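Each chain, written out:
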Amino acid sequence: MGAPAAGPAVTHSILMDVDTGIDDALALVYLLSRPEVHLQAITCTAGNIGARQVALNNLALLQLCGREGIEVAIGAEVPLEIPLVTTEETHGPQGIGYAELPPPHQQISARHAVDVWVEEVRAHPGEITGLVTGPLTNFALALRREPELPRLLKGLVIMGGSFYYQGNTTPTAEWNTSVDPHAAKEVFAAYRGMPEDKLPVLCALEMTERIEMHPEHLRRLGEAAGAPEPELVLPEQPEGQRSQSGNPLVACLSDALRFYMEFHRLYDQGYVAHVHDAFAACAAAGRTPFTTRLATVDVETDSPLLMGTTVADFRGLWGLAPNARIVSDNNPEHCFDELISSVGALARAVGHGSSTP
Ligand code: BDR
Ligand code: CA
């Protein structure tokens, strides 16, 4: 368990489950940059990359940000019922694009991720906000063990799904749901009938693809970090070029995000990066505006054609209680201003050998 950050009073305890992942990395660094956020622990699910590599990435990022001591635990190494598929093509050979970080000193926790969720949430009822930016495997297993988890959590924010919007893994399915559709189905079933303020806030593709990072955002990040040279990640540069930044956090994020931009360009989306998980992190921290719409959500797990597709009933046609609050509007400009100023301040502090922004 990590110690609360010094400085301003901690007002948000967040327990995150991730599959780091380039945008998970940005989400983690962002939460580390928030003085009012206490990261209760970080649990790791297999998804973008295997769970062990996810844990090593998280530990290396904590070390880079001078925040060792926060517990990093591994959970499920495979989805509940189907074989694991990872996506090195999207996130790079180690999950963080072209970034290469030194091996972390801190060990992976001896606790299983499911124990972390159940024990931490029971120990701090009503205090912890859950944030899941990978497949829902660990969270579904935690729910099996502690069905009261939805009431014990202060709230839950999930990046996953796509609602009446094209998928990014199959024509209709989003990646996190596609990797473990059975887990997602179980989680939504468990939330049926829960009080509205406990229902998960779902950050799905139709909103997270609006959080489109451009080279200009990286230039602004370098500037916010006080880097002497402009941070230039440009479409005309050779693929795989590495950052020359003297600021290690700027260099890491720049090398990671360059890979993500090249991947998006490969799929005709332009030289941009959709930083889905960073939006979910800002939402969990209560630092960016959004609106939600109540819905009953279910996940297809039988049809080979539609496996992992998320369906939202907004009209009560199924006659089932709502189980999610789907983000229906967000403000990308606000979100990027928040990410850049906050991560920039942390990078500035890291560059000066101190991690307290
Ligand atoms: C989600 O899939 C992953 O590749 C990203 O990290 C994000 O969590 C977007 O579909
Ligand atoms: Ca992710």
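As a starting point, this report considers the structure included with it. All residue numbers refer to position in the chain's written sequence, counted from 1. Lettering for chains starts from A, numbering for ligands starts from 1, and both go in the order in which the items are written. Per-residue local features of the predicted model are confined to residues with pLDDT of at least 70, and side-chain atom pairs are confined, for both listing and counting, to 80 or more; whole-chain, interface and lining totals are unaffected and use all residues. Heavy atoms from the whole structure form the basis of all side-chain values; hydrogens and water molecules are not counted.

Here's the deal with the overall build of the chain
Strands here mean DSSP runs of E at least two residues long; helices mean DSSP runs of H or I at least four residues long; both are numbered from the N terminus. Within the chain one finds 13 helices and eleven strands. Relative to the compact-globule value of 21 Å for 357 residues, the chain shows a C-alpha radius of gyration of 19 Å, a close match. Split into buried and exposed, the 357 residues of the chain put 59% on the buried side. For the chain, contacts bridging at least 24 residues in sequence account for 80% of all contacts bridging at least 6. What sets the accessible areas is the Shrake-Rupley method with a 1.4 Å probe; for residues, cover comes only from the shown protein chains. Total accessible area computed for the chain in this model is approximately 13,600 Å², and 54% of it derives from carbon and sulfur atoms. In this tally, Asp and Glu contribute negative charge and Lys and Arg positive charge; neither His nor the terminal groups of the chain are included. Charged groups are reduced to one reference atom each: NZ for lysine, CZ for arginine, CG for aspartic acid, CD for glutamic acid. Computing the positive centroid from 23 side-chain charges and the negative centroid from 44, the chain places the two 5 Å apart. Both definitions apply: the radius of gyration is a C-alpha atom measure, and the globule rule equals 2.2 Å times residues to the power 0.38. Any residue under 20% of the maximum accessible area for its type is buried, any over 50% is exposed, and the rest in between are partly exposed; the area is computed with a 1.4 Å probe on protein chains only. Any two residues whose heavy atoms approach within 4.5 Å are treated as being in contact.

What to know about the site of ligand 1
With respect to spatial proximity, 13 residues lie near ligand 1, and among them Asp23, Asn48, Asn168, Glu174 and Asp277 are the closest. Any pair of N or O atoms that falls within 3.5 Å is considered a polar contact. Within protein, one atom must be able to donate a hydrogen and the other to accept it, and sequence-neighbouring residues count only if both atoms are side-chain atoms. Asn48 places a polar side-chain atom, nitrogen or oxygen, 2.8 Å from an oxygen atom of ligand 1. Taking Asn168, its side chain carries an N or O atom lying 2.8 Å from an oxygen atom of ligand 1. Whether a set of points on the 1 Å grid over the protein atoms alone is a cavity depends on a 1.4 Å probe fitting there but being unable to get out, while an open set qualifies as a pocket with protein on both sides within 12 Å along at least five of seven lines; lining residues are those with an atom within 4 Å of a point. A molecule is said to be in a cavity or pocket once over half of its atoms fall within 2 Å of that pocket's grid points. Judged by the fraction of its atoms near the pocket grid, ligand 1 is located in the largest pocket. Going through the elements one at a time, α1 (22–33), α7 (175–179) and α12 (276–284) are the ones with two or more residues in the shell around ligand 1. Put simply, a residue is near a molecule or strand once any heavy atom of it comes within 4 Å of that molecule or strand.

With respect to the coordination of the calcium ion (ligand 2)
Metal-coordinating donors are taken as N, O and S atoms lying within 2.8 Å of the metal, or within 3.2 Å when the metal is Na, K or Ca; because water is left out, some sites can appear incomplete. Asp19 (OD), Asp24 (OD), Asp24 (OD), Thr133 (O) and Asp277 (OD) make up the full set of protein donors to the calcium ion (ligand 2), lying at 2.3 to 2.5 Å. Ordering the donors of the calcium ion (ligand 2) by residue number gives the pattern D-x4-D-x108-T-x143-D. You can see Asp19 sitting in the loop between β1 (12–18) and α1 and its partner Asp277 sitting in helix α12, a full 258 residues away along the chain. Residue Asp19 shares its accessibility class with Asp277, and that shared class is buried.

Focus: the packing of α12 against helix α13 (residues 332–351)
Taken N-terminus to C-terminus, the directions of α12 and α13 make an angle of 85°; their axes are 10 Å apart at the nearest point. Relative to α13, the element α12 is oriented roughly perpendicular. Where α12 approaches α13, its residues Ala278, Phe279 and Cys282 are matched on the opposing element by Cys335, Glu338 and Leu339. The class makeup of the residues in the contact of α12 with α13 is five nonpolar, no polar and one charged. Lines are fitted to the C-alpha atoms to define the axes, a helix being fitted only along its stretch in contact, and any angle between axes, read from their N-to-C directions, falls within 0 to 180 degrees. Here the word oblique covers every angle except those under 35 degrees (roughly parallel), over 145 (roughly antiparallel) and from 65 to 115 (roughly perpendicular). Throughout, the ten residues Ala, Val, Leu, Ile, Met, Phe, Trp, Tyr, Cys and Pro are labelled nonpolar, Asp, Glu, Lys and Arg are labelled charged, and all others, Gly among them, are labelled polar.

Quick notes on the layout of surface pockets
Grid points are joined across faces, edges and corners, and a volume is the space filled by probe spheres set on the points. Each pocket or cavity is described by its volume, and for the largest pocket that value is around 570 Å³. Around the largest pocket sit 29 residues that line it, and Thr90, Asn168, Thr169, Trp175 and Phe263 are the ones nearest its centre. Taken together, the elements giving at least two residues each to the lining of the largest pocket come down to α1, α3 (88–91), α7, α11 (248–266) and α12. In terms of residue class, the lining of the largest pocket is made up of seven nonpolar, 15 polar and seven charged. Lining of the second largest pocket is provided by 14 residues; of these, Glu229, Pro230, Glu231, Gln244 and Ser245 occupy positions nearest its centre. Grouping the amino acids of the lining of the second largest pocket by side-chain chemistry returns four nonpolar, six polar and four charged.

Comments concerning the environment of Leu39
Tracing the chain through its elements places Leu39 in strand β2 (residues 37–44). Counting along the chain gives 23 residues from Leu39 to Met16, while the straight-line C-alpha distance between them is 7.6 Å.

Quick look at the pairing of strand β9 (residues 290–299)
Two strands qualify as a pair provided DSSP detects at least 2 bridges between them. Relative to strand β11 (residues 324–330), β9 runs antiparallel, the two being bridged by six bridges. Paired with Phe290 across the bridge in β11 is Asn330. With four bridges joining them, β9 and strand β10 (residues 310–313) adopt antiparallel strand pairing. Following the sheet pairing, Val299 is matched in β10 by Thr310.

A closer look at unusual backbone geometry
Looking along the chain, the bond that leaves Thr20 and enters Gly21 is cis, with omega of -5°. When you line up the elements, Gly21 lands in the loop between β1 and α1. Look at Tyr164: it is not a glycine, yet its phi comes out positive at around 55°. Counting through the fold element by element, Tyr164 comes out in the loop between β5 (155–159) and α7. When its relative accessible area of 61% is taken as the criterion, Tyr164 is described as exposed. Look at Asp268: it is not a glycine, yet its phi comes out positive at around 60°. Take Asp268: it is sitting in the loop between α11 and β8 (273–274).

As for the nonpolar core
Core analysis: the biggest nonpolar cluster contains 74 residues, and Leu31, Leu39, Ile42, Leu131, Met213, Leu249 and Leu257 have the highest contact counts within it. If you look at the next biggest cluster of nonpolar residues, it comprises 36 residues, including Leu149, Leu202, Val299 and Ile326. Buried Ala, Val, Leu, Ile, Met, Phe, Trp, Tyr and Cys residues that are joined via side-chain atoms within 4.5 Å together make up what is termed a nonpolar core.

Quick look at α11
Every helix has an expected span of 1.5 Å times one less than the residues it contains. Under the 1.5 Å per step criterion, the end-to-end length of α11 is 27 Å for 19 residues, consistent within 8% with the ideal 27 Å. Burial within α11 is extensive, with 16 of its 19 residues counted as buried.

Some points on the side chain of Glu262
Within the fold, Glu262 resides in helix α11. Salt bridges are defined as contacts in which a side-chain nitrogen from Lys or Arg sits within 4 Å of a carboxyl oxygen from Asp or Glu. Nearest to the buried, unbridged Glu262 among oppositely charged side chains is Arg258, at 4.8 Å. Contacts of Glu262, omitting those with residues within four sequence positions, involve Tyr98, Pro238, Glu239, Gly240 and Tyr271.

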